[in-house]
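Now for the letters of each chain:
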Amino acid sequence: MRDMTTPLKKVLGYGSAHEGTDHFWKQRVSAIANVPLTLFFVGLVVALNGASYEETRAALANPFVGLLLGLTLFAVLYHMRLGMQSIIEDYLHNEGVKLLALMLNTFFTILIGASALYALIKLTLGA
Amino acid sequence: MSQSTATQAPGKKARPLSPHLSVYKMTITMAMSIVHRITGGALYFGTLLVVWWLIAAATDAQYFDFVSWLFGTLIGRLVLFGYTWALIHHMLGGIRHLIWDTATGMEKHTASKIAWATLIGSVTITVLIWLFAIFARGAM
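Residues numbered from 1 in each chain as written. Chains lettered and ligands numbered in written order. Predicted model: local features only at pLDDT ≥ 70, side-chain atom pairs only at ≥ 80, totals over all residues.

Draft legend 1. Just the UniProt feature "transmembrane region" (unreviewed entry) in chain B, in detail. Residues and elements named next belong to chain B. Under the feature "transmembrane region" (unreviewed entry), the UniProt entry names residues 34-55, 67-88 and 114-136. Across residues 34-55 one finds 100% helix and 0% strand; the C-alpha atoms that close the span lie 33 Å apart. End C-alpha atoms of residues 114-136 are separated by 31 Å, and the span's content is 100% helix alongside 0% strand. (UniProt positions renumbered as here; feature names shortened; annotations may be inferred. Helix = DSSP H or I, 4+ residues; strand = E, 2+ residues; numbered from the N terminus.)

Draft legend 2. Fine view of the UniProt feature "transmembrane region" (unreviewed entry) in chain A. Mapped onto the present numbering, the UniProt feature "transmembrane region" (unreviewed entry) falls on residues 31-53, 59-78 and 99-121 of chain A. Between the end C-alpha atoms of residues 59-78 of chain A the distance is 25 Å, and the span holds 95% helix and 0% strand.

Draft legend 3. Quick look at the interface of chain A and chain B. Opposite the 26 residues of chain A that make contact, chain B presents 24 residues. Broken down by secondary-structure element, the contributors of at least two residues to the side of chain A that touches chain B are α2 (22-47), α3 (53-61), α4 (63-91) and α5 (95-124) of chain A. The residue makeup of the side of chain A that touches chain B, split by class, is 17 nonpolar, six polar and three charged. (Contact = placed C-beta atoms within 7 Å. Nonpolar A, V, L, I, M, F, W, Y, C, P; charged D, E, K, R; others polar.)

Draft legend 4. Up close: the UniProt feature "binding site: heme" (unreviewed entry) in chain B. All names here are of chain B. The sites that UniProt annotates as "binding site: heme" (unreviewed entry) are His90. Counting through the fold element by element, histidine 90 comes out in helix α3 (residues 74-101). Sequence-distant contacts of histidine 90, that is, excluding residues within four places in its chain, are made with His36, Thr39, Gly40 and Leu43.

Draft legend 5. Main features of the confidence of the model for chain B. Counting all residues, the mean pLDDT for chain B is 90, and 89% of those residues have values of 70 or more. The ipTM value of the predicted complex is 0.90, and its pTM value is 0.87. (pLDDT = per-residue confidence, 0-100.)

Draft legend 6. The arrangement of the nonpolar core in detail. One finds A:Ala116, A:Ala119, A:Leu120, A:Leu123, B:Leu54 and B:Ala57 to be the most contacted residues of the largest nonpolar core, which totals 27 residues. Counting residues per element, the ones that place at least two in this core are α4 and α5 of chain A together with α1 (28-59) and α3 of chain B. Broken down by element, this core gets its largest block of residues, eight residues, from α1(B). Other than its neighbours up to four places away in sequence, B:Ala57 contacts A:Thr56, A:Arg57, A:Leu60, A:Ala119, A:Leu123 and B:Phe64. (Core = buried A, V, L, I, M, F, W, Y, C linked by C-beta atoms within 7 Å. Buried ≥ 20, exposed ≤ 12 C-beta atoms within 10 Å, placed from the backbone.)

Draft legend 7. Quick look at unusual backbone geometry. One non-glycine residue, B:Ala103, lies in positive phi territory at about 65 degrees. Relative to the elements of secondary structure, B:Ala103 occurs in the loop between α3 and α4 (108-137).

Draft legend 8. Examining the environment of A:Ile112 more closely. Along the chain, A:Ile112 turns up in helix α5. On the neighbour-count criterion, A:Ile112 (21 C-beta atoms within 10 Å) is buried. Ignoring sequence-local partners within four residues, the contact set of A:Ile112 consists of A:Leu77, B:Thr47 and B:Val51.

Structure below.
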């Protein structure tokens, strides 16, 4: 069969979904970021096992801890939204239900992110 | 009435389906692929626990102590242990995928070995994390 793809389409490499490897690549970049960040998070939680309210607040108010925790949450939320998008696209075949689920996926991610950010800022400022 | 698809109303014929998961013998790579997705989905909702903990620390001592107590109950600990395992397993599974992205370790037997390694590794690391957390702090 004759190739109907235009030279421009070939160069762009976006394919039929017009996204190319965009989703795949973002998934991988955030995955790599997640490895050290998650290890930091696990270490922090282990260190704070059984810690009192004051000890926990003091640890979370530390600028390095707060910044790393913020980065961890950003990378994790970014990664998990992409992952859930794949799950939704794989299993939900009704167009309306799929669109609703994709929207809820974004809303959930933003809700979690905003809540975490709010808590982190409050803890950092010691309020 | 004939059961033949030929007599059914047009457009309502059951279309032939290609063989799916259920016709294959379960292999370790297949199981770990499924587990990777399940742990990913679990971790998605697990973020609720992280944010709950952060919000509790940002609220007041009374609420923080309540959440700490809740996480410390038997059910709370089971959930957190499961969360730890899901996190470590998904991480190791993800690293496995990153290795595959470089087109290495894809030979059948190698792939199976790496799949077993992620399972054994995740359970071992999870137990070690919990043992360390318990003995380092003495706050079981």
